[in-house]
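# Structural overview
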Amino acid sequence: MNQAKGRRLRSEYSLHRDRATGARIHQLTSSPSINHATYFLQNSFTPDGRTMLFVSNREGGWQLFAVTEFPGGDILQLTDGACLHPFSPAIDPAGERVFFVRGGGIWWLSLATLEERCVVDYGTASMGECSLDASGLWLVAACKRDNTAGLAVGRTDGADWHWIPFQRTVIHPQFHPAEPEWILFAGDPAPRMHRVRRDGTGLECLYRHDNDEFVVHETFLGVTGQLIYTVWPRELRVMDWRTREHRTIASFNAWHITPNRAGTQVLCDTNHPDEGIFLVDVATGKRRLVCLPESSNAGTQWRRSRYALAEDFAAARSGAHGRVLSWMEAGTDTVYGPQWTHPHPSFSRDERSVVFTSDRTGHAQVYVAEIPFA
C-alpha cells in the first residue's frame, strides 16, 4: 500500500441529470474501486459545507479521502497505513477533527494538519462504527472483545473509558441529541431497539418484537429526540422516546432512513422494488421522489420480511463463493449484502442536497443530488 497521506489527486467530478426528476447529480468519484460516503447516520460534509469526506479502497485498503472545495475540487488523501473501518468516520461538531476506528482502537485526525492520535485502544477487540454526542465530548462505539459484545464509551480526550456488556451483537450506537447521558443502540437480531445510560445503568429494551417483525435502521428523529425506524418492507414509523407510543408515518418499502435536523422530513432509499430516493413529510406521510440511485442493492435477506436465520446463512455459504461474505466484500450471495451496493442517503449540511453511493457504473461511486423541489 502506498504511504500517501496528504497526496492530492485530480478532481474526478462530472455533472449529470437524473432521468426521472431532472435533478442535478454531482458525481464526485470515478476511480475503478469502491468509493462511498460516510455512513448514513453521519454527515459526510464539514459544517461549512465546503469539504466532503469519503472512504475508498483505491489504494488497496480502506482509507479516508476528502473532496476539497465541493463539488469540483481536488481529492485529498487524509490517511494511509493501517486500514480504517470503512463506515466509522464521524466529523466532530466543530468540523476540526474526524474520528474513526482503526483495528481495536478509535483515532482522531486533524482536518487542518492531518495529525493523527489514538483516543483509546482495545487491542485485539473488534470495533464497529463510532458516534459522537452533540457536544463532541463523548464517544461511543460498538465493540466485541473476548467473545463478549457491548459498547465502549468514553471522552474524546481519552479519559473515562469503560465497557458496557450486552448479550448479543451491538450495532449503530447513537447519543440522544438532547439528553447525551442516554445511548440508543441496536441488538442484533430481534428484539432490536435498546437504550442505556452512558454510565452503563438503565439498560432496557424499548420495543419487544420477534424475528418476523423486521425492525431496522432506527435513529433519532432530528432534535425532537423521538425515534424513527422502518419495519421492513412495510412501514416507516415514529416512536415516542418516553411513552413508547408508535405511529405509522407511511406504508411503503422505506429502507435506509435519515431525518432532517428539525425532524419534519425523512430521507430514504427503497428496495424490492427500488423506486428511488424519497423525501417523506413526517406529519402527512406524503413522499416526493428526489432521484433514482440505480444501485444494485445486493443482499438476499432484503427479499424477505424477517431477520436472517441459521438456514439463510447456510444457504449463503453454499453459494458460488463457498462462504458467507463479510458486509464490505464483493459478491451478491450475501444475506444482508455488501454495504457499498446500498445507497445509504444522507443530507448535505444545508439539507438542500442528498449524498448517496451507487455502483450503477460497475464500481461504487459517490454522488450528490440536488433536491429538485427544495
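Our subject is the structure listed above.
What this report covers is the structure whose coordinates are included nearby.

Basis of the calculations
- Residues numbered from 1 in each chain as written.
- Predicted model: local features only at pLDDT ≥ 70, side-chain atom pairs only at ≥ 80, totals over all residues.
- Heavy atoms only, no water.
- Helix = DSSP H or I, 4+ residues; strand = E, 2+ residues; numbered from the N terminus.
- Buried < 20%, exposed > 50% of the residue type's maximum accessible area, 1.4 Å probe, protein only.
- Polar contact = N/O pair within 3.5 Å; in protein donor to acceptor, adjacent residues only side chain to side chain.
- Pairing = 2+ DSSP bridges.
- Axes fitted to C-alpha atoms, helices over the stretch in contact; angles between N-to-C directions.
- Salt bridge = Lys/Arg side-chain N within 4 Å of Asp/Glu carboxyl O.
- Contact = heavy atoms within 4.5 Å.

So, on to the side chain of Glu59. Locating Glu59 in the fold gives a position in the loop between strand S5 (52-56) and strand S6 (63-67). Of the residues examined, Glu59 reaches a relative accessible area of 14% and is grouped as buried. At a separation of 2.3 Å, a polar atom in the side chain of Glu59 contacts the side chain of Arg7.

As a further point, take the sheet that holds strand S13 (residues 138-145). Spatially, S12-S13-S14-S15 is the arrangement adopted by the four strands of the open sheet, whose pairing is antiparallel. In this open sheet, the two strands that pair with only one neighbour each are strand S12 (126-132) and strand S15 (162-166). Averaged over all adjacent pairs, the angle separating strand axes in this sheet is 25 degrees, with direction ignored. Both strand S14 (residues 148-155) and S15 contribute to a ladder of five bridges, which runs antiparallel. For Ala152, the partnering residue across the bridge sits in S15 and is Trp163.

What follows is about the pattern of salt bridges. Per the stated rule, a full pass over the model turns up 18 salt bridges. Note that Arg242 is salt-bridged to Glu179, the shortest N-O span being 2.5 Å. In this pair, Arg242 is assigned in the loop between strand S22 (235-239) and strand S23 (246-250) and Glu179 in the loop between strand S16 (169-175) and strand S17 (182-188), connecting sequence segments 63 residues apart. Classification of Glu179 as buried rests on a relative accessible area of 16%. Residues Arg237 and Glu235 are paired through a salt bridge, measuring 2.7 Å at the closest nitrogen-oxygen approach. Relative accessible area serves as the criterion here: at 14%, Arg237 is assigned to the buried category. Connected through shared salt-bridge partners, Lys5, Arg102 and Glu116 make up one network.

Here we take up the sheet that holds strand S25 (residues 265-270). With respect to topology, four strands assemble into an open sheet ordered S24-S25-S26-S27, the strand pairing being antiparallel. Edge positions in the sheet fall to strand S24 (254-259) and strand S27 (287-291), since each has one partner strand and no second. Each neighbouring strand pair of the sheet contributes to a mean axis angle of 30 degrees, computed without reference to strand direction. In the sheet, strand S26 (residues 277-281) pairs with S27 via four bridges, with the strands oriented antiparallel. Looking at the pairing, Phe278 lines up with Leu289 of S27.

Before going further, it helps to spend a moment on the side chain of Thr79. Mapping Thr79 onto the fold places it in the loop between strand S7 (75-77) and strand S8 (90-91). Separated by 2.6 Å, the side chains of Thr79 and Gln63 make a polar contact. Within the local environment of Thr79, its side chain forms a polar contact with the backbone nitrogen of Leu64, the two atoms lying 2.9 Å apart. Excluding residues within four positions of it along the chain, Thr79 makes contact with Lys5, Gln63, Leu64, Leu84, Phe100, Arg102, Leu109 and Glu116.

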